[in-house]
Amino acid sequence: MEKRAIFTNRWLGIAFIVPQLLLIFTFFYWPAGQAVFWAFTLQQPWGGGNEWVGFSNFVAILTDHIYWNSVVRSLAFAALSTGISMGVALVLALLADRELGGHHIYRTVLVWPYAIAAPALGLAFRFMLAPGAGMISFVNHIWPGIWDPTINGTEAFIAVTIAFAWKYIGYNFIFMLSALQAIPHSLIEAAAMDGAGAPRRMWDIQVPLLTPTLFFLLVLNITDSFQDSFGIVDIMTSGGPNRATELMVYKIYFDGFKGLDYSGAAAQSIILMLLVIALTVIQFRFLENRVHYK
Amino acid sequence: MSAPRLIQAAATAALGMSLSISSAFADPVKFDFWFGNSGDIAKVVQKVCDNFNASQSDYQIVCTSQGSYDAALQNTIAAYRANKQPTIVQVFDIGTLTMMLSDAFVPANKLMADNGYDVDWNAYIGGVKAYYATSKGDMYSMPFNSSTALLYWNQDAFKKIGKDAAPATWEDVGADLKALKAAGYDCPFGIDVSNNEVWQLLEQFSAVHGIPVATQNNGYDGLDAELVFNKGKFVQMVTDLKSWYDQGLLVLKSKQAGEDYVTAFANGHCQMTLTSVGDHGTVGRTASPDMHWSVAELPLYAGTERKNSLVGGASLWVMKGHTDVEYKGAAAFLNFIRQPEQALFWSTNTGYIPVTKTGYDYMVKNGFYDKFPYKGREVAIASLSASEPTPVTRGMRLGAMPQVRQEVGNALQAILAGTVTVQQGLDDAAARGNEALRKFEATYKGKTLP
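Residues numbered from 1 in each chain as written. Chains lettered and ligands numbered in written order. Predicted model: local features only at pLDDT ≥ 70, side-chain atom pairs only at ≥ 80, totals over all residues. Heavy atoms only, no water.

1. Some words on the side chain of Gln43(A)
Here comes step 1: Structurally, Gln43(A) is set in strand β1 (residues 41–43).
Here comes step 2: By relative accessible area, which is 4% here, Gln43(A) ends up buried.
Here comes step 3: Within the structure, the side chain of Gln43(A) is placed 3.4 Å from the side chain of Arg81(B), a separation counted as a polar contact.
Here comes step 4: Not counting the four nearest positions on each side in its chain, Gln43(A) is found in contact with Phe37(A), Trp38(A), Gly49(A), Asn50(A), Tyr262(A), Ser263(A), Arg81(B) and Thr443(B). (Helix = DSSP H or I, 4+ residues; strand = E, 2+ residues; numbered from the N terminus. Buried < 20%, exposed > 50% of the residue type's maximum accessible area, 1.4 Å probe, protein only. Polar contact = N/O pair within 3.5 Å; in protein donor to acceptor, adjacent residues only side chain to side chain. Contact = heavy atoms within 4.5 Å.)

2. Some words on the pairing of strand β3 (residues 88–92) of chain B
Residue and element names in this part refer to chain B.
Here comes step 1: Counting buried positions along β3 yields five of five residues, so the element is predominantly enclosed.
Here comes step 2: On β3, burial covers both faces: Ile88, Gln90 and Phe92 on one face and Val89 and Val91 on the other are all buried.
Here comes step 3: Relative to strand β11 (residues 312–319), β3 runs antiparallel, the two being bridged by five bridges. Across the sheet, residue glutamine 90 finds its bridge partner in β11, namely leucine 316. (Pairing = 2+ DSSP bridges.)

3. Brief notes about the state of the cysteines
All names here are of chain B.
Here comes step 1: One pass over the structure, following the stated rule, counts two disulfides over all chains.
Here comes step 2: A sulfur-sulfur separation of 2.0 Å characterises the disulfide bridge that pairs cysteine 49 with cysteine 63. As the torsion about the S-S bond is roughly -100°, the cysteine 49-cysteine 63 disulfide counts as left-handed. With cysteine 49 in helix α2 (residues 39–55) and cysteine 63 in strand β2 (residues 59–65), this residue pair connects regions lying 14 residues apart in the sequence.
Here comes step 3: Classification of cysteine 49 by relative accessible area gives buried; the value is 1%.
Here comes step 4: Linked covalently through their sulfurs, cysteine 187 and cysteine 270 form a disulfide whose S-S length is 2.0 Å. One quick way to see it: the torsion about the S-S bond of cysteine 187 and cysteine 270 is about 90°, and its sign makes the bridge right-handed. Placement of the pair is cysteine 187 in the loop between α8 (170–182) and β7 (189–191) and cysteine 270 in the loop between α12 (261–266) and β9 (272–276), with a sequence separation of 83 residues. Of the two residues, cysteine 187 and cysteine 270, neither departs from the other in class, the shared state being buried.
Here comes step 5: Across chain B, the disulfide pattern expressed with sequentially numbered bonded cysteines is 1-2, 3-4. (Disulfide = S-S within 2.5 Å.)

4. Digging into the pairing of strand β1 (residues 29–35) of chain B
Residue and element names in this part refer to chain B.
Here comes step 1: Strand direction decides the pairing type here: β1 and β2, joined by seven bridges, are parallel. Residue pairing in the sheet places phenylalanine 33 in a bridge with cysteine 63 of β2.
Here comes step 2: As judged from the two bridges shared by β1 and β3, these two strands associate in the parallel manner. Residue pairing across strands places phenylalanine 33 opposite isoleucine 88, the latter belonging to β3.

5. Overview of the sheet that holds β9(B)
Residue and element names in this part refer to chain B.
Here comes step 1: Read across the open sheet, the three strands follow the order β9-β6-β10; overall the sheet is antiparallel. One side of each edge strand has no neighbouring strand; the edge strands of this open sheet are β9 and β10 (293–296). Neighbour-to-neighbour, the strand axes of the sheet open up by a mean angle of 30°, direction not taken into account.
Here comes step 2: Strand direction decides the pairing type here: strand β6 (residues 149–154) and β9, joined by five bridges, are antiparallel. Bridge pairing in β9 places leucine 150 opposite threonine 275. (Axes fitted to C-alpha atoms, helices over the stretch in contact; angles between N-to-C directions.)

6. Here's the deal with the environment of Glu171(B)
Residue and element names in this part refer to chain B.
Here comes step 1: Among the structural elements, glutamate 171 can be located in helix α8.
Here comes step 2: Once the C-alpha coordinates of glutamate 171 and alanine 133 are considered, the two residues, 38 residues apart in sequence, prove to be 35 Å apart.
Here comes step 3: In this structure glutamate 171 touches Leu300, Tyr301 and Ala302, once residues within four positions along its chain are discounted.

So, in structure tokens, the structure goes:
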């Protein structure tokens, strides 16, 4: 029989959750509520006044084809950066788990990228990928003009995608590695005795047992690629050239903080929030049943 | 208590006592000043603050860099909404209209008059005063760091093509760029067209040609101004830029590309650029001593009469919600920085111009403009006072200037990349810029320009 600990005193239980609720209210519901209010008004930045305008902020955004371009771009960015960072991290984790030579060093070193702040990361990648002076500039000496993200939008988009994916490789790696190490050795040894080689064991045993972690990381990576990317974009490309790297979150930052259009930025944040919620629901609905928790 | 601990405690107590004693002697009123400059310039601002604090004992100004102009404005807005705003804040040129409509400040002219300072506002250089004054000529903010755009040119390179003067017309520029290219220079003309770096081309170019960027005299006469840069000479300018870019005469230089256009000029990699006189000091310090370079007023298209260029930079605003003694201190600081000796200090250590005629005269008398490396900066004053400010060369009084510049920057990037035609690109930028202006107008419905 299962033993259960139950609070007999209802108020004691409530008292325990009050601090947490207060935190969530102060740092999430209150600002989010404020954003909803702003999205339906025209806010003067200095707080001098506001006017109720109904859905007109949303209509203005949703009828703007350039906004839709940024939505498509953000979705592509999420898919690509998540694919790269999870794919590379999985390979690295599987290899590190095999305890190849020097695996202790990899395990430590590969986590570092996640600890680097976005602006520093952006600066480093901007330096490496600068067409005229960066480490990559040698390609322009061989084939002049082949790499120029300052004017070629596709190349700029590749540059920010790689920078963002690189940051998350380390983060994904540590989760995957610890999940791999939690897989009982007996399973792998049994498979090895049955004659399964390393690639077969990875594909048939380790990866399926890793699915809860992969699912968790997928949700997290996709969510973060929508929210956490503006620092890198701001430093590396400022959304350019000609909006080629203008992601939804960067547009919110620019319109709100640089352009002082608080209402437009608030409406965009709400759309972004709904989009991220929808994507997360879809993932739970359609992917979770393929996850093996046990 | 162990001996080291005891010593530490005693030292702390002694320090505390000495602090309280010194504060009992003189109790300076502290007030905050937030500014946007960073790097070298921020150090000079800090020095100005130190000099003010050393010059008197009644007030102590605490100066804090916010990292950038944008951040200074954003942080002040956030602070103001939480009622924690600084007493003085530096706001960049294109934030002037937002400030004027904010109802969050004490007008500088009123502050100075209330505190017994008799400021001769007409002593400010025409272009400077025109930018910041209201329609009635009142100065709501105190001009501080001011600059204007100049043409920087490499004399060594031009000598190679047999020229000893900067090109005066854009037609000459075209010919010179070709000659420079033929003489083996990779980057005859280096510029940046990313978001905020279009001001030389859009705003300054239009001003010296005497053409409007927007109707209603660039917004001075009403919030309903519409952008018109997609008609007339600016289209011709962009067409020429595109043609020079395609011929390899114009090269984009930005931090993203590995070297920004000012550095590229100072390193001798580009032979010509357009930038602020505020960079004159930087170029002087970083260019090789063997490199000969100079500055000139912006070129004009042949047959155009030169008008004054616009002042750029920032002015100081005094925020509402402080005590009378803090305002006395703020007034004392604003009075301090307008003294001719301070103008000399400020201009010597930065590249910015003196904002008053008295400051300028004082510097001329001191032989400032005759000495290397300051020689050449007088061109900025000549450019700013090339004519009396006309209705369209007072400045930009548009609410959504960051968005407008972004639209123009995006358009230029698309045009140079060849994805749209010149006219189409500029038309789109104007249309989208106008949407931002309309939104600004709607946000401030019922307000009129002061």
